[in-house]
Each structure stands twice: as C-alpha cells, then as structure tokens.
Amino acid sequence: MNTDLAIETHNLGRIYTIRNRRERRVRREIVALQDVNLQIPRGELFGLLGPNGAGKTTLIKILTTLLAPTSGWARVAGYDVVREPQKIRPRINMVSGGESSGYGLLTVRENLWMFAQFYGLPSREANRRIEELLRRIGLEDRIHTKSSDLSTGLRQKMNIVRGFLTDPEILFLDEPTLGLDVNAARDVRRFVREWLDVHPDRTVLLTTHYMVEADELCDRVAIINQGQVLACDSPENLKRRLERDALFEIEITSPNGLTGAILEAIPGVRRALLTETNGGARLDLTLVADSALPDVISVLTERSVRVRHLTKREPTLEDVFVELVGKPMAEAEKREDEDEP
Amino acid sequence: MRRQWDTVWRSFRIATWLGWQIESNWTDPFLFAVYSMIKPLASAAILVVMYGVITNARFENPVFPYIYIGNAFYMYVGSVMVGVSWAVIDDREHYRTLKYLYIAPIRIPAYWLGRGIARFLTGSFAVLITMAAGVLFLRVPFHPAEVDWPLFLASLVLGVAMLAMMGLVLASISLMIAHHFFLIGEAVAGALYLLSGAIFPLEVLPPWLRPLGFAMPITYWLELIRRALLGDAARAFPTLAAFSNGQLLGILGGLTVLFGLIALFAFRWCDYQARERGLIDMTTNY
Ligand SMILES: Nc1ncnc2c1ncn2[C@@H]1O[C@H](COP(=O)(O)OP(=O)(O)OP(=O)(O)O)[C@@H](O)[C@H]1O
Ligand SMILES: [Mg+2]
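The sections below set out a description of the structure shown in this document. Worth saying up front: this structure is predicted, and the values here are computed from it rather than measured.

1. Overview of helix H5 (residues 152–165) of chain A
Over its 14 residues, H5 of chain A runs 20 Å from end to end, which matches the ideal 20 Å to within 8%, given 1.5 Å per residue. Counting buried residues in H5 of chain A gives 12 out of 14 residues, a clear majority hidden from the surface. Considered for burial, the residues of H5 of chain A that qualify are Leu154, Arg155, Gln156, Lys157, Met158, Asn159, Ile160, Val161, Arg162, Gly163, Phe164 and Leu165 of chain A. Each element contacted by the buried residues of H5 of chain A is listed here: strand S6 (92–96), helix H3 (108–118), helix H4 (123–137), strand S7 (170–174) and helix H6 (182–198) of chain A together with helix H4 (98–102) of chain B. Positive backbone phi, approximately 50°, marks Asp167 of chain A, located one or two places after H5 of chain A.

Right, here's the structure in full:
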C-alpha cells in the first residue's frame, strides 16, 4: 500500500444490471466502468474527461463510498472503499454540479453550518470558514438568504462551498461547472485553483466534459470513454503526442458532395472531419505534414469547393480525444440516446 | 468506542435541529398552531361521528373511551414511525442531500432518529389536544388522581422507542425502494391501525388475522396506555385480560428490543444492498 497515493484503483469495474419493467426475468447489463487503473498522488488536481455516459459519475460514486464496484478494488486515502468506508468518509467530500441540493428553508449560512457540524467542526471555526469561502466564491452578500431564494447557479456555488468547508484531504467534484454561466464557471475554476494553492497537500478529482476546463485546470487528465480509460497524462504530454501532426481548420463553402472519407483517401491525410455550419462547412484536417496540404486544396478545387478561411492550429485535448476515440466528443455522446428506447 | 458515541450523538443532535427547522417552518406561528390542532381534531371528529351513528350515540358505553384513547394515541404511529422513515425520502427526493449525508462521517440511523424527534413533539401536541377535547366535550373519563402515572410514563417511553425502531426498519427499506412507494409509511400505519386494536378489539378481526395483531407491539402498548388512563374500565374487553400490567410491560419491552435488533439488521442489509445496486442517490427522474 502506497500512502503517498490519494487515490488508487486496480482493474476497477462496475456493471449495472437493469431489470425489465414488465418482464422481471429479462435483464440487461450495462458496463459502466471497465478495468480502470489510476494512481493519483496527493496534491494533484486530477481531471476525468469524457462524454456523457462515459462512467465519470460511476467512478466518483465508487470512490466516495456511495456505490460498490463489481470488480477490482479502489483505495482512497489508503483505505479500501468497500471494507473501510468509515475511515474514508471523514477525509473526503463531494460536490455534484447540475443539481440543486440543500435545505431550501435554511439560509446559506445555516445549510453550510449544518454540514460542518456533521463533520464535527466547532461552530466558531465553521462560521469563520463559511464567511471566508463565501467571500472567495463571490457569495458573501447572500449569506443570510434562504437557499430556496437563490438562483440555480448561486445554489451550486453554495454547494461547492459545502464541499470545501470541511477541508477534505481529497475532494471529488463531479462536473462542478455544469449549467453555470461563463462568469460563474470562471469563478469556480479560479476558486478551485486558489484553494489548492493555499492547501498544496490536498487532492482534487474533478470530472468534466469541457475540454478547456480539463486543459486549463488539471495537472493530469484521464480521458475516459465507454467505461475505459484511454489515456492518462498531463494535458501538455497528451497534446505532444499530436505535435508531429499538422492540424488545419478550413472553412469552406457548401461541400458539394465532399466527404471526410474522400479526403482521407489522399496520401498524407490522417483524418478529415467535416462539420456543417450555417452557410457552409468546417473541415478539421490532421495531416502527417504540411506538405500534404496542396493535394487537399486541389481536391477541393476540383469539386469547386471554395476556401473561405484557413488556419493552422495547435493541438487541443479535443484532438487528443478524436485521435483516441475516432470521433469528436459531441458524437461520442450520441451513443447514449441511441441506446435508450 | 468513545469516538463512536460522539458520532452517534452528533448525528442525532444535528438531525434533531434540522428536523425542528423543517417541522416548525411556518412563517405564521398562528397558522402553525391552528393547523396542528385542526388536523388531529378533525380526524377524531370523524371517528366520533361514525361511532355515534353506528351505536346510536351511546357515548356512555365503555367502548367509547376505549376507541377514543386508542385513536388519540395511535397518532404517535403516524408521527414517530412515519416521521422517522419519511426522512429518507425527503432527503433523497426533495432536498437531494441524501448522498451528501451518506458520505458524511455520521451514523445514519442516529440521524434518522433525530429527524423523528420534531415529529414526536408535534405529535405529542396533537395527542394532547385530542385527549383534552375528549375529556372536555365528550366525557371521556379522566381523573388525574386515578391515573397510574408511573405505568403511563413507562408505557409511553417504551412505546415511543418501539415506534422509533419500527420507523428505522421502514427507513431502511425506503433506502432501497423507488419514489412511487413513498407512501409506504402511511400504508403501514394504515394497516396497523386495523391490526393493533386501536379502534376495535382484536376479536373483531377474522381468526386468521388475529395472530398478526398479537405479534404487533402496538397492540400491547395501546392496552397499557388505556389501562393506565382508564383503570379498570379498560379491562372491559377480554382481548388481553389474561395478562397483568407487568406482563404486558414485559412483552412490550421484549418486542421493542426485538424490533431494535431487527432495525439494526435491516439497516445493515438494506445499506449493503443499496450500495451494491447503486440506489442511494437514485431519484425518480433518473
Ligand atoms: N443506476 C444506474 N443504473 C443503470 N445504469 C446506470 C446507472 N447509473 C449510470 N448508468 C449507466 O452507466 C453508464 C455510465 O454512467 P455515468 O453516469 O457514470 O456517466 P458520466 O460519465 O457521469 O456521464 P454524464 O456526463 O452524463 O454525467 C451510462 O451508460 C449510464 O446510463
Ligand atoms: Mg455524470
């Protein structure tokens, strides 16, 4: 057992069994997580990046002792999540975004104070922290507001403060900026970063399906899709894998029957993704080298497709995702809708 | 050990505070008082009217105080048993806090009991009001000097503890079931109303249902309360006449301990199942 690791998982898996409503004997199995191996040292801000249904929440639930795994094991703060949940709980906290939880009839301060009490925090210390954290997240003027009177976004900020209030060794943030407007999301990201600057020995595991969030905020990112971790490294290293490729973004007029497959047939074109935009299309090209570009342009001209705008750009995590999964994240998300009847 | 009790006490104490905040969340205290009086009185009134119609208004018959007291104290079932179990559904579906409570370093059963305390207090108020109305307006016999106060208090304490344990069993079950069963508490309370001699002696039940009535601690509890308050008049019914007060207390105590153990195992098992199946933060709009 390595005590320097805040979180460690070994071949962690989770299968949900769903019984059919009408015929109870008919069962369907959903593999939500499969052979997940992670080692997260203390002090790290670790990101889990993946589309809807990737298994992010499932992983967080297992690590926060809400859900039992169906295979493998996991340790949090050095303790086994199945056998020693009582050892883990005082050391962690969790916040889920995109939901409004809390006792609406209590004020912001009362809600937070109560949760601090459950963790055995002395009242005076709790109140001091509440004021400080509310100030830092920009909610101090609402301290005496009934939480039912808060907008969804402000309620989420209160919920985020609840997570930090108990000064957890390991904090789990499940899509903390989901549903927040741009400014509020920026507040929250800055808040998380600042907290870690002040408490460098604390660990944060954050899930997101925003590429930029993972890129900007996280020390290391695991890209997860359909329950499997496909890559795990710092954002810089993940992007560096693509550095030898040349990435171009070309805005064109209507594609005139052009498809990605036609372009991918050109030697030197590793990937071509065509997305319809209003009044035209966008072409995302991954070339082995700049020298493949003229061939692409001539194919476009043959089909009388006009180029409106051409940029060469740096790789992003989105490109990494496409490289690993074969399609952009927005498309990987569709899988779930197709599954459901 | 010491730490464990700290946790239990902390969970219970804060939950009591929260329960009271929720229960007394009436912007207008006057409205609150009126509401908590009208509801129990209305239900007692229905019973009285029904009794009057069926028996041609024979309110002097000892059956009447038997029924009236049974009904009044049965309100504790609704407040304590249902109150304790309701916390699960309330926290999960309404406040969406169940998962945050679950991962906090608290003892969940102690938390549930704490949430029930406020309901116990408002329930006591309802029982008191109903009894007062019965004594003042319906000539339910009540002579403070003749009441067996020690027996009454002992029965009340044991009875409330027993109801709280039954509430824990229901709460544990609620941990595992979906929202559309949210009336489970009310349903159980309704069924037990007929099975535990609250408004008629067990002899009225079909013979095959009677054993169930005898297995219910509420049956013995209501009998004890009646005996403590009414004295010999309570023995007008043969159901439990063969038992002395001491024996009844013993049975009630034994059943309370038994339900306490059942509650402990029910919680362990349901908690385990809920974690295995991922039901703890399940909400209906999933
Ligand atoms: N309680 C459950 N019962 C059955 N299937 C479930 C349950 N919870 C999640 N799933 C399924 O498991 C898979 C992973 O879900 P999970 O919620 O972990 O994904 P996620 O990455 O958090 O997605 P999102 O971005 O939508 O929150 C999905 O296919 C989902 O439908
Ligand atoms: Mg999720």
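This is not the end of the story, as more comes after the structure.
2. Considering the side chain of Thr286 of chain A
Counting through the fold element by element, Thr286 of chain A comes out in strand S13 (residues 280–287). When near neighbours in sequence (up to four residues on either side) are disregarded, Thr286 of chain A contacts Asp245, Ala246, Leu247, Gly268, Val269, Arg270 and Arg271 of chain A.

3. Focus: the site of ligand 1
Taken together, 15 residues are adjacent to ligand 1, and Asn52, Gly53, Lys56, Thr57 and Thr58 of chain A come closest. Bordering ligand 1 are residues originating from chains A and B. Between ligand 1 and Asn52 of chain A, the relevant distance is 2.9 Å, taken from an oxygen atom to a side-chain nitrogen or oxygen of the residue. Contact distances for ligand 1 include 3.1 Å between an oxygen atom and a side-chain N or O atom of Glu175 of chain A. Contact with the protein chains covers 81% of the free accessible surface of ligand 1, which is 630 Å². A total of three residues in the shell around ligand 1 trace back to one element, the largest contributor, which is helix H1 (residues 56–63) of chain A.

4. Some points on the nonpolar core
Ranked by internal contacts, the top residues of the largest apolar core, which has 170 residues, are Tyr103, Phe118 and Phe172 of chain A together with Phe73, Trp112, Ile218 and Trp221 of chain B. In this structure Tyr103 of chain A touches Asn111, Met114, Phe115 and Ser147 of chain A together with Leu18, Ile22, Asp91, Tyr95, Thr97, Leu101, Tyr111 and Arg115 of chain B, once residues within four positions along its chain are discounted. The next biggest cluster of nonpolar side chains, apart from the first, holds 19 residues, and it includes Ile250, Val269, Val296 and Val299 of chain A.

5. Brief notes about the sheet that holds strand S9 (residues 220–225) of chain A
Residue and element names in this part refer to chain A. A sheet is described by the order of its strands in space; here six strands give the open sequence S6-S7-S8-S3-S9-S10, paired in mixed fashion. One side of each edge strand has no neighbouring strand; the edge strands of this open sheet are S6 and strand S10 (228–233). Here the average twist between neighbouring strands, direction ignored, is 15°. In this structure, S9 lies alongside S10, joined through five bridges in antiparallel fashion. Looking at the pairing, Ala222 lines up with Cys232 of S10. Along the sheet, helix H11 (residues 317–325) contacts strand S3 (45–49), S9 and S10; its crossing angle with S9, the most-contacted strand, is approximately 40°.

6. A look at the interface of chain B and chain A
Residue-level contacts link 30 residues of chain B with 35 residues of chain A. Ranking the residues of chain B by area buried against chain A places Tyr100, Ile103 and Arg275 of chain B at the top, with a combined share of 28%. At the junction of chain B and chain A, the tally comes to two salt bridges. For Glu99 of chain A, the salt bridge identified is with Lys99 of chain B, shortest N-O distance 3.2 Å. Counting every contact that joins chain B to chain A gives 14 residue pairs in polar contact (both at pLDDT 80 or more).

Thresholds, definitions, all that
Residues numbered from 1 in each chain as written. Chains lettered and ligands numbered in written order. Predicted model: local features only at pLDDT ≥ 70, side-chain atom pairs only at ≥ 80, totals over all residues. Heavy atoms only, no water. Helix = DSSP H or I, 4+ residues; strand = E, 2+ residues; numbered from the N terminus. Expected span 1.5 Å × (residues − 1). Buried < 20%, exposed > 50% of the residue type's maximum accessible area, 1.4 Å probe, protein only. Contact = heavy atoms within 4.5 Å. Near = heavy atom within 4 Å. Polar contact = N/O pair within 3.5 Å; in protein donor to acceptor, adjacent residues only side chain to side chain. Areas by Shrake-Rupley, 256 points an atom, 1.4 Å probe, with all protein chains shown as cover. Core = buried A, V, L, I, M, F, W, Y, C linked by side-chain atoms within 4.5 Å. Pairing = 2+ DSSP bridges. Axes fitted to C-alpha atoms, helices over the stretch in contact; angles between N-to-C directions. Buried area = accessible area lost by both parts, 1.4 Å probe. Salt bridge = Lys/Arg side-chain N within 4 Å of Asp/Glu carboxyl O.

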